[in-house]
Amino acid sequence: MTTSALPAVRAPRRTARGSGSAHTLGRFLLRRLVITVFLLLGVTAVTFLLVQLVPGDSMTATLSETALADPEVVAAYRAKWGLDEPLLTQYGIYLSNLLQGDLGVSTQTGRPVLGDLLTYVPATLEIALPAMVLSVVIGTAVGLYAAVRQGRAGDQVVRVGTLLGLSTPPFWLSLVALYVFFYLLGVAPSGGRLSTYLSPPPRVTGMFTLDALLAGQWMVWWDAVQHLVLPVAVLTCLTVATLVRFVRSAMLEVLDQDYIAAARAKGLPTSVVLRRHVLRAGLVPVITVSGLAFAALLSGTVLVEQIFSWPGVGQYAYRAASGLDLPAVIGVGLFVAVVYTIVNLVVDLLYGVIDPRIRLS
């Protein structure tokens, strides 16, 4: 056999190995998707049963007094939601309406709940996404630094800092940030998404920064960025404290493993050991905590949004709950449940990508 024939022999072996790995990953994804569908069905069943547990007729808690006084509106509502049908049939109608995006009409705003959510969710996304990205980057770097410096001065400073971060109430930190940067220094706006003398950019995504960029409105973009700084900074500080502690704990477990000592004994540079062996092995618990933190941010940080007058999901949920707006409360509940389910699905998929043992189990 000549040396030129070797590649032709080895190529099919690599292809078969790659095909098997892709097949395993495909089955792993399919299993997780099926589980997610059943979880979502369970969420809708729980939501439907909670509506049935409302004292009296659920219709009286959903329709306004004016609508209840109109027999035609009442008859149409009963027909739409199948209130005269058996409970199982009502659940089927409820699912059918949900699949069509019908979450009912908010008694406070008078608009469809889905339309309200599509208005408020982008505002929450606009502060949750940068806060989460900054939290993961800073939390991973600081947590890894504290783990490598375990017991030294740097580690002690990080531990005290995270303890302060975890002990600080969100509303207090928000008020202090407003007092210092708006009232004393005058370098940040007081709240809201945009200054009153500016008009929102044409709606594309619902996020003012992106929409202003797409429309080429640089003054609006800069003003929207300035309004983002304080709420994003507060959310980042609160999330980083949690992430740093988990990253430090996960990295310390990995640093104690024998294969890390073996890698160091071979003379590998510290940066290579941390990047190739420590960081990847310690990412699984970090991803779990990051996913939960991101879901919490998307679900709405009520106090932070309320203090900064930020019209996000948290503020919408607060107004719905305080005004006994049952369709809006149920809509927000469904949204939160779907967010957690999807985030868990993404976390499971990342597990499978990072650690092949998980997708093979």
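- Labelled according to an unreviewed UniProt entry, the chain appears under the name Binding-protein-dependent transport systems inner membrane component, originating from Beutenbergia cavernae.
- Its UniProt record gives the chain a comment under Subcellular location (unreviewed entry), which states: "Cell membrane".
- Within the UniProt record for the chain, the comment given under Sequence similarities (unreviewed entry) is "Belongs to the binding-protein-dependent transport system permease family."

### Some points on the nonpolar core
Line of reasoning, step 1. Ranked by size, the top nonpolar core spans 55 residues in total, and within it Tyr 94, Leu 117, Tyr 316 and Leu 334 carry the most contacts.
Line of reasoning, step 2. Top contributing element to this core by residue count: helix H16 (residues 326–354), with twelve residues.
Line of reasoning, step 3. Two domains share this core, each providing at least three of its residues, namely domain 1 (22–100) and domain 2 (113–359).
Line of reasoning, step 4. When sequence neighbours within four positions are dropped, the list of residues in contact with Tyr 94 reads Thr 44, Thr 47, Phe 48, Trp 81, Ile 330 and Leu 334.

### So, the pattern of salt bridges
Line of reasoning, step 1. The final tally for this structure, using the stated rule, is three salt bridges.
Line of reasoning, step 2. In this structure, Arg 193 and Glu 126 form a salt bridge, with 2.7 Å as the shortest nitrogen-oxygen distance. Of the two residues, Arg 193 is situated in the loop between helix H8 (170–184) and helix H9 (208–215) and Glu 126 in helix H6 (residues 113–148); the sequence distance between them amounts to 67 residues. Like Arg 193, the residue Glu 126 is buried in the burial classification.

### A look at the packing of aromatic side chains
Line of reasoning, step 1. A complete count under the given rule lists six aromatic pairs for this structure.
Line of reasoning, step 2. Taken together, a centroid distance of 6.4 Å and an interplanar angle of 80° make the contact between Trp 218 and Trp 221 edge-to-face. Highlighted residues: Trp 218 and Trp 221, both in helix H10 (residues 218–255), separated by three residues, approximately one helical turn.
Line of reasoning, step 3. By relative accessible area, which is 55% here, Trp 218 ends up exposed.
Line of reasoning, step 4. Clustering of aromatic rings is evident, with ring pairs tying together Phe 48, Tyr 91 and Tyr 94.
Line of reasoning, step 5. Against the face of Phe 208 rests Arg 193, its NZ or CZ located 3.8 Å from the ring centre.

### Looking at the side chain of Ser 106
Line of reasoning, step 1. Structurally, Ser 106 can be placed in the loop between helix H5 (87–99) and H6.
Line of reasoning, step 2. Classification of Ser 106 as buried rests on a relative accessible area of 2%.
Line of reasoning, step 3. Apart from the residues within four sequence positions on either side, Ser 106 is in contact with Arg 111, Val 113, Asp 116, Tyr 316, Asp 325 and Ala 328.

### Here's the deal with a nonpolar patch on the surface
Line of reasoning, step 1. On the surface, Phe 171, Trp 172, Leu 175, Val 176, Val 302, Leu 303 and Tyr 318 cluster together into a nonpolar patch covering about 630 Å² of accessible area.
Line of reasoning, step 2. When contributions to the nonpolar patch are tallied by element, the ones reaching two or more residues are H8 and helix H14 (302–307).
Line of reasoning, step 3. For Phe 171, the location among the structural elements is in helix H8.

### Concerning the packing of H6 against helix H13 (residues 283–298)
Line of reasoning, step 1. The geometry of H6 relative to H13 is characterised by a closest axis approach of 9 Å and an angle of 155° between their N-to-C directions. Here H6 is positioned roughly antiparallel relative to H13, judged by the angle of their axes. Note that H6 runs across H13; the crossing there is right-handed. Contacts between H6 and H13 involve Thr 124, Leu 125, Ala 128, Leu 129, Ala 131, Met 132 and Val 136 from the first element and Ser 290, Ala 293, Phe 294, Leu 297 and Leu 298 from the second.
Line of reasoning, step 2. When the residues that make up the contact of H6 with H13 are grouped by side-chain class, the tally is ten nonpolar, two polar and no charged.

### Things to note about H9
Line of reasoning, step 1. Of all the positions in H9, only Phe 208, Thr 209, Asp 211 and Ala 212 are classed as buried. Burial along H9 is one-sided: seen end-on, the buried residues are contained in an arc of 170°.
Line of reasoning, step 2. In this structure, the buried residues of H9 make contact with H6 and H10.
Line of reasoning, step 3. Note on H9: the residue one or two positions beyond its end, Gly 216, has a positive phi of about 70°.

What counts and how
Residues numbered from 1 in each chain as written. Predicted model: local features only at pLDDT ≥ 70, side-chain atom pairs only at ≥ 80, totals over all residues. Heavy atoms only, no water. UniProt positions renumbered as here; feature names shortened; annotations may be inferred. Core = buried A, V, L, I, M, F, W, Y, C linked by side-chain atoms within 4.5 Å. Buried < 20%, exposed > 50% of the residue type's maximum accessible area, 1.4 Å probe, protein only. Helix = DSSP H or I, 4+ residues; strand = E, 2+ residues; numbered from the N terminus. Domains from an automatic or database assignment. Contact = heavy atoms within 4.5 Å. Salt bridge = Lys/Arg side-chain N within 4 Å of Asp/Glu carboxyl O. Phe/Tyr/Trp six-rings, centres within 6.5 Å; stacked < 30°, edge-to-face > 60°. Lys NZ or Arg CZ within 6 Å of the ring centre and 35° of its normal. Patch = residues over 30% accessible without salt bridge, like charges linked within 9 Å, V, L, I, M, F, W, Y side chains within 5 Å. Areas by Shrake-Rupley, 256 points an atom, 1.4 Å probe, with all protein chains shown as cover. Axes fitted to C-alpha atoms, helices over the stretch in contact; angles between N-to-C directions. Parallel < 35°, antiparallel > 145°, perpendicular 65-115°, else oblique. Left-handed = near helix turned anticlockwise from the far one by under 90°. Nonpolar A, V, L, I, M, F, W, Y, C, P; charged D, E, K, R; others polar. Arc of directions from axis to C-beta.

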